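Fold and contact review
Letter by letter, the chains look like this.
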Amino acid sequence: MTGEPAAQERINLLGLERAGLEAFVGTLGSKPFRARQLMQWIYGRGESRFPAMTDLAKDFRTLLGERAEVRAPEIVTSQRSADGTRKWLLRADSTQAIEMVYIPEEGRGTLCISSQVGCAMDCSFCSTAQQGFNRNLTTAEIVGQVWLAERELARDFVPPAGASPGQRAITNVVLMGMGEPLANFRNVVPALRLFTDDFGFEISRRRVTLSTSGLVPQIYKLAEETNVALAVSLHAPTDELRNELVPINRKHPIAELLEACWHYLDEQNGRSVTFEYVMLEGVNDQREHARGLVRLLKGQPAKLNLIPFNPFPGTQYRRSGAAAIAAFRDELLSHGVLATIRRTRGDDIDAACGQLAGRVQDRTTVRLGSKLIGVAVST
Ligand code: SAH
């Protein structure tokens, strides 16, 4: 074969963590430090055009232009909420799209990203389950979400007073969008490394959070590979109830799951695991459930994050009332278990959990876990 490779044959550098990029520049006859220079352009300055990378040798830039590219997912639509929350619909391929959401708060900015198109975990209160599983996102698509958002946000980002120079709009990344990240382990782990790499996004490991429905063997594997913060979708204090809400529990029951969580913290010298708990009226929001959680978590390095359920068409569940949620939290706190209530953000642009689902339900909607919604794009 001769001639220039077609665009689709070019290697997308957003899919290579540092070691992979060093190996790649090696194949182009360059030294490993060139990889770090490239990363400074790509992640430090958000540059995607090789000709603009002026401190790289011209021949090297030409070669890169032939063999490589820096390509993030394409934006389909973008919206901004009155509260500053931003939401982008991104094309995953000709028929599928995913969403990512940026949530600015005092002193920090959190980007919520997806790891799969759809999900195979089949949790009963999550409408992604209704869509089923489409495919894993590639490393480049996972990293590309953060790269793209950083670039979009940089345009009008005003660093808070007293911020360090070079402060980025994105200070936290959470894998709480569409998909089960540990079911896409191979592509997710290099992305996590790029998020925390000094030549990547330079985010502290405690500010990158992977949320899982509880794939126990992969939690042990993750402990060997990375040291990011761990969040676990608990949702019930007993196996009987959790089997119903989070079916993976039938394979990996609560006791095994908690064991894996404590192991993860030991290995990673982590401070605590965050347990997500969606508040479903009359299902898991009674005092007995709070007491059950106290028995499981008291004295353990755990924090509970109570998420008001966001209903979607066809669901059998209802959101617990605000008073019930507050009482549940108080019950936990009074027994020494840390608990907070997750605030709903971006309602006016349907960036809060589940809002878009009601509008495009019939053929196009895939409702996502917490904040994200993927919509099939017709072309
Ligand atoms: N698959 C991963 C990450 C995606 S979901 C996981 O299960 O952790 C992110 C969070 O949103 C999870 O805790 C999930 O249980 C929760 N969630 C799913 N559907 C929800 C809904 N309808 N309302 C509120 N939270 C929901």
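Quantities reported herein were computed from a predicted structural model and do not represent experimental measurements. (Residues numbered from 1 in each chain as written. Predicted model: local features only at pLDDT ≥ 70, side-chain atom pairs only at ≥ 80, totals over all residues. Heavy atoms only, no water.)

**Let's talk about the overall build of the chain**
For clarity, the cut-off: Numbering of helices and strands starts at the N terminus; helices are DSSP runs of H or I of at least 4 residues and strands are runs of E of at least 2. Exposed residues in this analysis have more than 50% of their type's maximum accessible area, buried residues have under 20%, and partly exposed residues fall in between, with area computed by a 1.4 Å probe over protein chains only. Computed with a 1.4 Å probe, the accessible areas rest on the Shrake-Rupley method; for each residue, only the protein chains presented here act as cover.
Summing up its helical and strand segments, the chain has twelve helices and 16 strands in all. Looking at the chain residue by residue over its 379 residues, the buried ones come to 54%. When the accessible surface of the chain is split by element, carbon and sulfur atoms take 47% of a total near 16700 Å².

**Some words on the side chain of Ser-114**
For clarity, the cut-off: In protein, a polar contact requires one atom able to donate a hydrogen and another able to accept it; more generally it is a pair of N or O atoms within 3.5 Å, and residues adjacent in sequence count only if both atoms are side-chain atoms.
Here Ser-114 is to be found in the loop between strand E6 (108-112) and strand E7 (116-118). On the basis of relative accessible area, Ser-114 is assigned to the buried category, the value being 0%. A polar contact is formed between the side chain of Ser-114 and the backbone oxygen of Glu-99, at a distance of 3.5 Å.

**Description of the packing of aromatic side chains**
Keep this limit in mind: Think of it this way: a Phe, Tyr or Trp ring, Trp meaning its six-membered ring, pairs with another when their centres are within 6.5 Å, and the plane angle makes it stacked under 30 degrees, edge-to-face over 60, tilted otherwise.
For the coordinates displayed, the defined rule picks out six aromatic pairs. Between the aromatic rings of Tyr-43 and Phe-201, the centroid separation amounts to 5.0 Å while the plane-to-plane angle is 65 degrees, which identifies the pairing as edge-to-face. Residue Tyr-43 is found in helix H2 (residues 33-44), and its partner Phe-201 is found in the loop between helix H6 (185-196) and strand E10 (208-212); the two are separated by 158 residues along the sequence. Of the residues examined, Phe-201 reaches a relative accessible area of 2% and is grouped as buried. Ring centres 5.3 Å apart and planes at 25 degrees place the aromatic pair Tyr-277 and Phe-328 in the stacked group. One end of the pair, Tyr-277, is in strand E12 (residues 273-279); the other, Phe-328, is in helix H11 (residues 322-334), with 51 residues separating them in the sequence. Like Phe-328, Tyr-277 is buried. Taken together, Tyr-43, Phe-195 and Phe-201 form an aromatic cluster joined through their ring pairs.

**Digging into the pairing of strand E11 (residues 229-233)**
Put simply, the rule reads: Each pair of strands is called paired provided DSSP finds at least two bridges between the two strands.
Burial runs high along E11: four of the five residues are buried. By the bridge criterion, four bridges tie E10 to E11 in an arrangement that is parallel. By the bridge assignment for E11, Leu-210 is matched with Leu-230. Summarising the sheet, E11 and E12 pair through three bridges and their orientation is parallel. When the sheet's bridge partners are listed, Val-232 is paired in E12 with Phe-275.

**Overview of the packing of helix H1 (residues 18-27) against H2**
Rules: For every element, the axis is a line fit to its C-alpha atoms; helices are fit only across the contacting stretch, and the angle between N-to-C directions ranges from 0 to 180 degrees. In these notes the angle categories are as follows: under 35 degrees is roughly parallel, over 145 is roughly antiparallel, 65 to 115 is roughly perpendicular, and the rest is oblique. With the far helix as reference, a near helix turned anticlockwise by less than a right angle produces a left-handed crossing, and one turned clockwise produces a right-handed crossing. A contact between two residues is defined here by any heavy atoms of the two lying within 4.5 Å. Residues are grouped as follows: Ala, Val, Leu, Ile, Met, Phe, Trp, Tyr, Cys and Pro are nonpolar; Asp, Glu, Lys and Arg are charged; all remaining types, including Gly, are polar.
Running from amino to carboxyl end, H1 crosses H2 at an angle of 120 degrees, the nearest separation of the two axes being 8 Å. It follows from the interaxial angle that H1 and H2 lie oblique. Judged by the twist between their axes, the crossing of H1 over H2 is right-handed. For the pair H1 and H2, contact is made by Arg-18, Leu-21, Glu-22 and Val-25 and by Arg-34, Ala-35, Arg-36, Leu-38 and Met-39, respectively. Grouping the amino acids of the contact of H1 with H2 by side-chain chemistry returns five nonpolar, no polar and four charged.

**Comments concerning the sheet that holds strand E3 (residues 75-80)**
One open sheet accounts for ten strands, arranged E3-E4-E5-E6-E9-E10-E11-E12-E13-E14; its pairing is mixed. Across the chains shown, the open sheet's two edge strands, defined by having one partner strand only, are E3 and strand E14 (338-341). Taking each pair of neighbouring strands and ignoring which way they run, the sheet shows an average axis angle of 20 degrees. In the packing of H6 onto the sheet, contacts are made with strand E9 (172-175) and E10, and the angle to E10 comes to roughly 155 degrees.

**Quick look at helix H9 (residues 254-268)**
Filter applied, for reference: In this analysis, the expected span of each helix is defined as 1.5 Å times one less than the number of residues it contains.
Over its 15 residues, H9 runs 21 Å from end to end, which matches the ideal 21 Å to within 8%, given 1.5 Å per residue. By the burial criterion, the buried members of H9 are Ile-254, Leu-257, Leu-258, Ala-260, Cys-261, Trp-262, Tyr-264, Leu-265 and Gln-268. Looking at the buried side of H9, the elements it contacts are helix H7 (216-225), E11, helix H8 (239-245), E12, helix H10 (287-297) and strand E13 (302-308). Residue Asn-269 follows H9 closely and has a positive phi angle near 55 degrees.

**Considering the confidence of the model for the chain**
The criterion, for reference: Per-residue confidence from the prediction method is given by pLDDT, with values spanning 0 to 100.
Averaged over all residues, the pLDDT of the chain is 88; the fraction at 70 or higher stands at 89%. Below pLDDT 50 for its whole length, residues 354-379 participates in 90 contacts with residues either more than four positions away or in separate chains.

**Focus: the pattern of salt bridges**
The following threshold applies: Between Lys or Arg on one side and Asp or Glu on the other, a salt bridge is scored when a side-chain nitrogen of the former is within 4 Å of a carboxyl oxygen of the latter.
The full count for this structure, using the stated rule, is 20 salt bridges. Salt-bridge contacts for Arg-193 lead to Glu-225; the nearest nitrogen and oxygen are separated by 2.8 Å. Here Glu-225 lies in helix H7 and Arg-193 lies in helix H6, a separation of 32 residues in the sequence. Owing to a relative accessible area of 28%, Arg-193 belongs among the partly exposed residues under this scheme. What emerges from the salt-bridge pattern is a single network uniting Glu-17, Arg-193 and Glu-225.

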